[in-house]
Amino acid sequence: MASGVNSRIEGLYRHNPEERRRRIADETGLTATATDALAGCVLGQERADKMIENVVGLYELPFGIATNFTINGRDYLIPMVVEEPSIVAGASYAARMARATGGFIATHAEPVMIGQIQLIEVPDSRAAEAAILGQTIELIERANAQSMSMVARGGGARSVEVHRFDSSPMGPMMVVHLLVDCRDAMGANAVNSMCEAIAPLLEAASGGRAMLRILSNLADKRTATARVRIAADALTRDGIDGHEVIERILWAHAFAVVDPYRATTHNKGIMNGIDPVIVATGNDWRAVEAGAHAWASRSGRYTSMSHWYRDAHGFLCGELTIPLAVGIVGGATRVHPAARAALDILGVRSAGELAEVCVCAGLASNLAAMRALATEGIQRGHMSLHARQIALAAGAEATEVATIAQQMIDTASIKPAAAEQFLAALRNCLTEA
Ligand code: MEV
């Protein structure tokens, strides 16, 4: 599904949610069931009750679609589930700027995850290392016996590494890494089972005791990379010349490179584009977040995950590489009807392709945030949606929200108290009329 999509849907924001669903379904060939799933209320209490413990109900979030994305020459409509205003609009806006110069180029590494087995009380760590590496084939066979379906899909355990820690707060330890090609699965369950299965073999080979046996969320072998090139013209806005905007964006990036306080917020802006796709497709956003921020610290100092520069032709160029442990089979990706619909809208054929979409959405969000911060500031764009949220929180009905929000913007008073006053006045007016 979803091949041959045109992601440049003009004025999608002008429609109501039902019309937008129809438009997206027409564009992507989504089935009626999948289209209905976008409207919400589809997970159901019974299914939810089997997903986690002590379920008391369901929690809803807005489901939006980012437009304008071209990645590796193909158009994508990108599903985003998120509560924060301006994220969908910002990503779509940046994707539109990128579209003029061919869109994003993305690549992904092999979907290899790392499982860790901690060994303590090892009498001779050098001899243990040699013994463990000498049993690599047996270890891989034992691991693969745990997940024949992964092996059948062309994946499975690939190799073993040994790391020695001569000191820790508790004394020396060894850590064995099992490298597993997870193909289209995120792979946490399979990797954890494999680690547990090979732990007794590792104890026998090392003479030590296995403690933790668990996947690492620093999936630094499973990265995805996005690149983009933006013309200065596309950045011209509100009377600020595009070349000047590029200069300001490069200063914004430099700030995030040198200062961890700024890098944290800058990287949050990147995750603003990635997390909503992870959530929409039923993937594990905590795993992706943990991996991304550890990756951002890999030099020993927390810094910007993205890299921006001006090329010899005066174009603004951006690059982002991050670990992206995502799957399109297993877990909630297939259990949750809205996650299934999100994957259908994307039409991705592999987990690697989904990772490419995520990293492009992250780079787009980063660009949108930096452009806004370096020019008019982010508040202007936020104001109208923010005002609508305040109006809703003050108790305005759907038909009242636009009026109350506009009154707050006009009086530059976007506050709960103002919303309540305007709401009371509006209702008073209607009663008297
Ligand atoms: C807000 O959610 C994200 C930003 O703070 C990101 C940034 O500062 O780059 C606007």
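Parameters at a glance
- Residues numbered from 1 in each chain as written.
- Predicted model: local features only at pLDDT ≥ 70, side-chain atom pairs only at ≥ 80, totals over all residues.
- Heavy atoms only, no water.
- Helix = DSSP H or I, 4+ residues; strand = E, 2+ residues; numbered from the N terminus.
- Contact = heavy atoms within 4.5 Å.
- Areas by Shrake-Rupley, 256 points an atom, 1.4 Å probe, with all protein chains shown as cover.
- Disulfide = S-S within 2.5 Å.
- Buried < 20%, exposed > 50% of the residue type's maximum accessible area, 1.4 Å probe, protein only.
- Near = heavy atom within 4 Å.
- Polar contact = N/O pair within 3.5 Å; in protein donor to acceptor, adjacent residues only side chain to side chain.
- Nonpolar A, V, L, I, M, F, W, Y, C, P; charged D, E, K, R; others polar.
- 1 Å grid on protein atoms, 1.4 Å probe; cavity = no way out; pocket = protein on both sides within 12 Å on 5 of 7 lines; lining within 4 Å.
- Points joined across faces, edges and corners; volume = space filled by probe spheres on them.
- Domains from an automatic or database assignment.
- Phe/Tyr/Trp six-rings, centres within 6.5 Å; stacked < 30°, edge-to-face > 60°.
- Lys NZ or Arg CZ within 6 Å of the ring centre and 35° of its normal.
- Pairing = 2+ DSSP bridges.

## Side note on the overall build of the protein chain
Okay, so step 1: Helix and strand content of the protein chain: 18 helices and 10 strands.
Okay, so step 2: Judged by the C-alpha coordinates and their principal axes, the protein chain covers about 85 × 55 × 45 Å.
Okay, so step 3: A sequence separation of at least 24 residues applies to 72% of the contacts in the protein chain between residues at least 6 apart.
Okay, so step 4: For the protein chain, the accessible surface area stands at approximately 20,700 Å², while carbon and sulfur atoms represent 54% of it.

## Some details on the state of the cysteines
Okay, so step 1: Inspection of the entire model under this criterion finds 0 disulfides.
Okay, so step 2: There is no disulfide at cysteine 182, and the cysteine sulfur nearest it, in cysteine 195, is 10 Å away.
Okay, so step 3: Given the relative accessible area of 0%, cysteine 182 is considered buried.

## Some remarks on the site of the ligand
Okay, so step 1: In the region of the ligand, the neighbouring residues are Glu84, Arg262, Thr265, His266, Lys268, Gly269, Asn272, Ala369, Leu373 and Ile378.
Okay, so step 2: One nitrogen or oxygen atom from the side chain of asparagine 272 is found 2.9 Å from an oxygen atom belonging to the ligand.
Okay, so step 3: Against a free-state accessible area of 300 Å², the protein chains account for coverage of 87% of the ligand.
Okay, so step 4: The set of elements that each furnish at least two residues to the shell around the ligand consists of helix H11 (260–280) and helix H15 (351–374).
Okay, so step 5: Considering each element in turn, the shell around the ligand owes the most residues, 6 residues, to H11.
Okay, so step 6: For the shell around the ligand, a count of residues per class yields 3 nonpolar, 4 polar and 3 charged.

## Some thoughts on the layout of surface pockets
Okay, so step 1: Its volume calculated, the second largest pocket comes out at about 240 Å³.
Okay, so step 2: Lining the second largest pocket are 16 residues; nearest its centre among them are Ile120, Glu121, Gly171, Pro172 and Met173.
Okay, so step 3: Looking at the lining of the second largest pocket, the elements that each hand over two or more residues are strand E4 (112–120), strand E5 (156–165) and strand E6 (173–181).
Okay, so step 4: The greatest single-element share of the lining of the second largest pocket, amounting to 3 residues, is contributed by E4.
Okay, so step 5: Per-class residue counts for the lining of the second largest pocket are 9 nonpolar, 4 polar and 3 charged.

## Things to note about the domain arrangement of the protein chain
Okay, so step 1: Assigned domains of the protein chain: these are domain 1 (12–108 + 225–373), domain 2 (112–215) and domain 3 (380–432).
Okay, so step 2: Using only C-alpha atoms to locate each centre, domain 2 and domain 3 end up separated by 58 Å.

## Here's the deal with the packing of aromatic side chains
Aromatic ring pairs: the centre-centre distance and the angle between the two ring planes describe each pair.
Okay, so step 1: Counting across every chain of the model gives 1 aromatic pair.
Okay, so step 2: The ring centre of phenylalanine 315 lies 3.8 Å from the NZ or CZ of arginine 229, which sits over that ring.
Okay, so step 3: It is arginine 298 that lies over the ring of tryptophan 295; its NZ or CZ is 3.8 Å from the centre.

## Focus: the pairing of strand E1 (residues 63–71)
Okay, so step 1: Across the 9 residues of E1, 8 count as buried, placing the element largely inside the fold.
Okay, so step 2: In the sheet, E1 pairs with strand E2 (residues 74–81) via 7 bridges, with the strands oriented antiparallel. Residue pairing for E2: glycine 64 is matched across the bridge by methionine 80.

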